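Chain residues, written in single-letter form:
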4 protein chains.
Amino acid sequence: MVIMIKPGVQQDKIEHLRNWLEEKQLIVREYQGQEQCVLGLIGDTVSIDVDMLRSLDIVESVADMRDPFKASNRALHPDDTIIQTMGGKGPSIGGGNFGLIAGPCSVESREQVLFVAEEVKKAGANFFRGGAFKPRTSPYDFQGLGEEGLDLLMEVKRTTGLPIVTELMDIRNLEFFDEVDVIQVGARNTQNYDLLRELGKVKNTILLKRGLAGTIKELLMSAEYIMASGNENVILCERGIRTYESDYARNTLDLSAVPILKKLTHLPVIVDPSHATGRAELVPAMSAAVAAAGADGIMIEVHNDPAKALCDGPQSLTPEEFRETAAKIFKIREAIM
Amino acid sequence: MVIMIKPGVQQDKIEHLRNWLEEKQLIVREYQGQEQCVLGLIGDTVSIDVDMLRSLDIVESVADMRDPFKASNRALHPDDTIIQTMGGKGPSIGGGNFGLIAGPCSVESREQVLFVAEEVKKAGANFFRGGAFKPRTSPYDFQGLGEEGLDLLMEVKRTTGLPIVTELMDIRNLEFFDEVDVIQVGARNTQNYDLLRELGKVKNTILLKRGLAGTIKELLMSAEYIMASGNENVILCERGIRTYESDYARNTLDLSAVPILKKLTHLPVIVDPSHATGRAELVPAMSAAVAAAGADGIMIEVHNDPAKALCDGPQSLTPEEFRETAAKIFKIREAIM
Amino acid sequence: MVIMIKPGVQQDKIEHLRNWLEEKQLIVREYQGQEQCVLGLIGDTVSIDVDMLRSLDIVESVADMRDPFKASNRALHPDDTIIQTMGGKGPSIGGGNFGLIAGPCSVESREQVLFVAEEVKKAGANFFRGGAFKPRTSPYDFQGLGEEGLDLLMEVKRTTGLPIVTELMDIRNLEFFDEVDVIQVGARNTQNYDLLRELGKVKNTILLKRGLAGTIKELLMSAEYIMASGNENVILCERGIRTYESDYARNTLDLSAVPILKKLTHLPVIVDPSHATGRAELVPAMSAAVAAAGADGIMIEVHNDPAKALCDGPQSLTPEEFRETAAKIFKIREAIM
Amino acid sequence: MVIMIKPGVQQDKIEHLRNWLEEKQLIVREYQGQEQCVLGLIGDTVSIDVDMLRSLDIVESVADMRDPFKASNRALHPDDTIIQTMGGKGPSIGGGNFGLIAGPCSVESREQVLFVAEEVKKAGANFFRGGAFKPRTSPYDFQGLGEEGLDLLMEVKRTTGLPIVTELMDIRNLEFFDEVDVIQVGARNTQNYDLLRELGKVKNTILLKRGLAGTIKELLMSAEYIMASGNENVILCERGIRTYESDYARNTLDLSAVPILKKLTHLPVIVDPSHATGRAELVPAMSAAVAAAGADGIMIEVHNDPAKALCDGPQSLTPEEFRETAAKIFKIREAIM
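The following paragraphs examine the structure supplied in this document. Since this is a predicted model, take the numbers as computed values, not measurements. (Residues numbered from 1 in each chain as written. Chains lettered and ligands numbered in written order. Predicted model: local features only at pLDDT ≥ 70, side-chain atom pairs only at ≥ 80, totals over all residues. Heavy atoms only, no water.)

When helices and strands are counted, chain A shows ten helices and 14 strands. In terms of overall size, chain A behaves like a compact globule, its C-alpha atoms giving a radius of gyration of 21 Å where 337 residues would be expected to give roughly 20 Å. Reported as C-alpha extents along the three principal axes, the dimensions of chain A are approximately 65 × 45 × 45 Å. Taken over 337 residues, chain A has a buried fraction of 65%. Of all intrachain contacts in chain A linking residues separated by at least 6 positions in sequence, the fraction that spans at least 24 positions is 68%. Split by element, the accessible area of chain A, about 12,400 Å² in all, is 47% carbon and sulfur. Computed over 37 positive and 49 negative side-chain charges, the inter-centroid distance for chain A is 2 Å. (Helix = DSSP H or I, 4+ residues; strand = E, 2+ residues; numbered from the N terminus. Rg over C-alpha atoms; globule rule 2.2 N^0.38 Å. Buried < 20%, exposed > 50% of the residue type's maximum accessible area, 1.4 Å probe, protein only. Contact = heavy atoms within 4.5 Å. Areas by Shrake-Rupley, 256 points an atom, 1.4 Å probe, with all protein chains shown as cover. Lys, Arg positive; Asp, Glu negative; His and termini not counted. Charge placed at Lys NZ, Arg CZ, Asp CG, Glu CD.)

And the structure:
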């Protein structure tokens, strides 16, 4: 249930209503928009007398909210959420701020990450990504550099000033992620609810990927796990879904998810065309499409030498290809403003 | 098998080789590119001595072609096919020419089609679409005006000068489609092979939609049925595929199919975001994405009064919404040129 | 809308009500069950006064029927439909009668079909199948023997007494199918509505396959096209659906469709495990499962020499394998009776 | 790479070869079949001289194994794995032993689990299942009784003698699962690789469910993570896959996975028709099909009062329905023996 408070109502009156609702065993979420305040009620609202609520002086309207996702629901929070990084000194994502996240699939060496980071920064990237812990389908494949990889990423941050995006797979490693600006939850962990709950207790921004064959609703419900535990800094990421068509691309990029999610939620929505297609040759055209569709950001894999990459080489752009792609993205964003 | 002829070889020498190959029971397709000629061999090429072919004076190279689609294969025809309409006096699609096709799902009345046609023409559309014969899931739903609808479409053509795109469902109606510029094959008939074969014998351009859950390869094989019967004027159309995600959009628009198809085939590739999403509110963002992805055209449903449409109202734009969407498309095309 | 007539009501009273309803522009379908009569109303029932209907002496109850499929709906026709063949002298399908349909994918020669037919008959098959017109993905593949194939099938029928199941692809060939006992509509034509409408006008039984990625509802709606045109002899056939999993089987056999369809409709439901899996080695286990799940029949591809089959060899059983599979099917049917 | 040792070779000679291979940095898995020993090599086998291996006295043959799954591969271990429980005193699964696992979705109370356990045991179940930790899509739904639930399950075990199957979601809870006979990995954790690795270090049997939209290959690779870490007691469980068809069943039961997996791997394969269909009315027919298809076991949800279940009520059988279903399963197993 959602209660829209009339514009200009004093905070103590809102507080009063809020306390009364909490006594009814409801969780109350308060959102302060530019013009008015909204209260979202989570829990069993059957006992609430809606007519009485509507008759209150300070209440403008009361609406039932059927969607199972509450905290992420745009109905409760009409303004776009803007995610800030580095205590407000870094780049932002959402509300018109575009995140151009680039870097290799996995951290392989100090030389590699520093080189790629400088290259993508020059091309306009404002975030650096790289995997230290890698979810690999086979236990016999390269599993990432682990903690050593995290250290190299921190060095990249110090050197380039770019905030870092990297994946957490195992709850027990969370302690090493303190300095990580954006913790990525990979597609295989989108419904690892215990992990999500823990991420609701930290201060880092969470980049939550859609499941391998996850629905849009499931993605929002997973965000809800994080937000319900206290962390509202969540970025949603479309990364392709599993369909019957896999002859020419690894997954099917579901680009309509961008306008759909933008309508359903106030959280920023970005796209990963590299994992969605699995093929570098498709990334430039799909990156242009992502920008045109109105996404809040994009995450692109870039590798100094894709043919020799320890992971996901076939989907990585070279720095040169990334430069051209980034330029196209910026042009399209200008065109549609 | 594909034989690249050296640049500058005289036609009679090519003819000579061609005759020799045809005597071996092969079908030979000849493509005259800007610089050189290519011969594509269809049939059982086992008996051909490749080394002998390679040693011929006039042959530059011989390549095996594994793809089951031949006539539509870009390897055989490196240049983009440009589809012309109205005997060259109408708009073209392909090779840099963009087709903006718009109109209502079904022809409902003279007033309706004339009004919508004038509106979309003003907004920049260069083709008019409208259904006279409608494939409806239920036998109890409106099935279209039939021949009367075709007559109204011809009146639109005379009045506005726009070439007409409309769907043929039943082979036996083909005789009524003489004046139709572009005959559409709907998603439910993409593998109606007898229909495709007949369409290979006519002179109209064919707009071939991808099946409801068709693969990219199947789409190309269906084009092959038309082309193998003699008609090379085929436009391919992505229209969304069936996936598990249907809560927020009717189908999943598979936009990656655009760059994939552009690489595999020389035929023009367009997208129908209206049927792909089934929801008007998603069409503007997806139309922008289609333009950015490099498609050769787009087909958008526009209705004077979507709420009262006899068919597919929820996915139709109003003329006003179409005008804004068209403007965005043109801006993006400029930006990426 | 469905009107249940009280048991024992005289036919002239029912006729009277029926005429009155037909004057309201409704189509009325009458089903005579073992105990009582049911009237199904198709069309715009808004103008009908339900309370008045309920108050009639002869009416037991009136129910709204939301399902878009009417004629095939079990609510309208609680008893199983039993399809008879050869004017009642051949085998039946439905209502406890099991159809064991076997034969090669395509008719290749007189010797082949006669040999296979004798073999499958000995093993217990009561229908013979074979394709004369073949829907092939590539125009360059073997397309079937056509009319000559139909003649050979008729010879099989004369020799073995088995009724014949064979596919019609092109409406224009319908005239040749007079003597065909069961006309098959293939998965690529499940939504070829003009074809379905024509099949509603003939007397043959129609075996309607589910579309390549068709929903259960679409299958029922396609049956509705046939039945609404007058032919109620329709058998539904699950044949596997297209999913993301295609490494080890061509399609995913959706066996739950059997109990689902048995509940929704009174029409017989059979399964084609050969096309569903595309691999002979999976057919025996899946055939056992089909029998256990309560299907009314099964259609299995059997070839004298699968390795040399002109079509779909890898999914065909040898006569020996078929004999074992048939024996297993019979044992399971006994066990679950 | 797989090395088949000749029958009758003495163990010390095999040990000698094994040591030599391990010095080459290969992991060597040894399988002692009824007639001969097989060595499976995991790792980089490029440096191995295959011809030399083949020439050894004790070697019968050497084969390359392309499948990425090694430890679970039937090529390496031709005999069925038989999983024993309770130190050999409990029921077994695999190699002709059928596991009939039944119980409620979640543990709700002492009375509930004891009642249901007695009921299913009487009907022939040889394992009891119940969830203490529940993966729920919404953070606001009932999440299970946790440790208290585990205690109740242990009481069921003491009272009925049935071994217990229950799900682990969070690695950090592993310490509480010591007495659990079969630890279930749910569909949302099938690719939680860190969890799988930990489960490779315990002695419990692991019941590994296929992912929500997981491939057969991914399921085997996940088993590989467990086995590569040392635990070979793994049961695979098909539980329905996500497809476009969800109007009448929650998932599509992919029953062909049973014969496919039985061919690819020596591990036992069971099916969960309750989660696969999500609807109790489909469970009896699908359970019969599971038995007919040759599965090594089945897991069925049974609840004392499905309408009041805290979780997944609509898919639970009543004890009476379970009794009938179990009887049918036993009859079919007899029929196909």
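More follows now that the structure is in view.
The extent of an interface is frequently quoted as the accessible surface area lost upon association of the parts. On the chain C side, the residues contacting the 39 residues of chain D number 39 residues. Overall, the association of chain D and chain C removes approximately 3,100 Å² of surface from exposure, summing both partners, and the carbon and sulfur fraction of that is 67%. Connecting chain D to chain C are six salt bridges. Two residues, D:Glu281 and C:Lys263, come together in a salt bridge whose shortest N-O distance is 2.9 Å. Inspection of the chain D/chain C interface yields ten residue pairs in polar contact (both at pLDDT 80 or more). Secondary-structure elements contributing two or more residues to the side of chain D that touches chain C are helix H6 (216-228), helix H7 (257-264), helix H9 (283-292) and helix H10 (319-336) of chain D. Tallied by class, the residues present in the side of chain D that touches chain C amount to 22 nonpolar, six polar and eleven charged. (Buried area = accessible area lost by both parts, 1.4 Å probe. Salt bridge = Lys/Arg side-chain N within 4 Å of Asp/Glu carboxyl O. Polar contact = N/O pair within 3.5 Å; in protein donor to acceptor, adjacent residues only side chain to side chain. Nonpolar A, V, L, I, M, F, W, Y, C, P; charged D, E, K, R; others polar.)

Describing two packed helices takes the angle between their axes plus the distance from one axis to the other. Residues and elements named next belong to chain C. At a closest axis distance of 10 Å, the pairing of helix H3 (residues 110-122) and helix H4 (residues 147-160) adopts a crossing angle of 40 degrees. Crossing of H3 over H4 shows right-handed handedness. Between H3 and H4, the contacting residues are Arg 110, Val 113, Leu 114, Ala 117, Glu 118 and Lys 121 on the first element and Leu 152, Glu 155, Val 156, Thr 159 and Thr 160 on the second. (Axes fitted to C-alpha atoms, helices over the stretch in contact; angles between N-to-C directions. Left-handed = near helix turned anticlockwise from the far one by under 90°.)

Overlaying chain D with chain C gives an RMSD of 0.1 Å, the required rotation being 180 degrees about an axis along which the chain moves by 0.0 Å. The relationship between the two copies is best expressed as a two-fold rotation axis. When C-alpha positions in chain D are compared against the rotation axis, the closest is assigned to D:Ala289, at 2.1 Å. Here 100% of the contact residues of chain D are again contact residues in chain C; the copies associate through an equivalent surface. (Least-squares fit on C-alpha atoms with pLDDT ≥ 70 in both.)

A:Phe322, B:Phe322, C:Phe322 and D:Phe322 are the most contacted members of the largest nonpolar core, which has 340 residues in total. Look past the residues within four positions of C:Phe322 in its chain and what remains in contact with it is C:Leu100, C:Ala102, C:Val120, C:Ala123, C:Ala125, C:Ile300, C:Val302 and C:Leu317. (Core = buried A, V, L, I, M, F, W, Y, C linked by side-chain atoms within 4.5 Å.)

A word on the packing of helix H9 (residues 283-292) of chain A against helix H10 (residues 319-336) of chain A. Residue and element names in this part refer to chain A. Interaxial distance between H9 and H10 falls to 9 Å at its minimum, and their mutual angle equals 25 degrees. As the angle between them shows, H9 and H10 are arranged roughly parallel. The chirality of how H9 crosses H10 is right-handed. Contacts between H9 and H10 involve Pro 284, Ser 287, Ala 288, Ala 291 and Ala 292 from the former and Thr 325, Lys 328, Ile 329, Ile 332, Arg 333 and Ile 336 from the latter. Residue composition of the contact of H9 with H10, by class: seven nonpolar, two polar and two charged. (Parallel < 35°, antiparallel > 145°, perpendicular 65-115°, else oblique.)

A separate point is the interface of chain A and chain B. On the chain B side, the residues contacting the 39 residues of chain A number 39 residues. Here chain A and chain B share an interface that buries about 3,100 Å² over both sides, 67% of which is from carbon and sulfur atoms. Considering only the side of chain A, the residues that lose the most area to chain B are A:Tyr244, A:Glu245 and A:Tyr248, jointly responsible for 21% of the buried surface there. Our enumeration of links across chain A and chain B arrives at six salt bridges. Linking chain A with chain B are ten residue pairs in polar contact (both at pLDDT 80 or more), by the criterion used here. Those elements that place two or more of their residues in the side of chain A that touches chain B are helix H6 (216-228), helix H7 (257-264), H9 and H10 of chain A. Classifying every residue of the side of chain A that touches chain B gives 22 nonpolar, six polar and eleven charged.

On to unusual backbone geometry. Residues and elements named next belong to chain C. Positive phi is not limited to glycine here, since Gln 25 has a value of about 70 degrees. Relative to the elements of secondary structure, Gln 25 occurs in the loop between helix H1 (11-23) and strand S2 (27-32). Residue Gln 25 is classed as exposed on the basis of its relative accessible area, which comes to 69%.

For the rest of this paragraph, the subject is the relation of the copies chain A and chain B. Overlaying chain A with chain B gives an RMSD of 0.1 Å, the required rotation being 180 degrees about an axis along which the chain moves by 0.0 Å. Looking at chain A, 100% of its interface residues are interface residues in chain B too, so the copies touch through the same face.

Let us now look at the side chain of B:Glu224. Summarising the element assignment, B:Glu224 is placed in helix H6 (residues 216-228). Look at B:Glu224: it is buried, it has no salt bridge, and the nearest opposite charge is B:Arg29 at 6.0 Å. Side-chain polar atoms of B:Glu224 contact the backbone nitrogen of B:Ala71, separated by 2.6 Å. If sequence neighbours within four positions are ignored, B:Glu224 has contacts with B:Phe69, B:Lys70, B:Ala71, B:Ser72, C:Pro139 and C:Tyr140.

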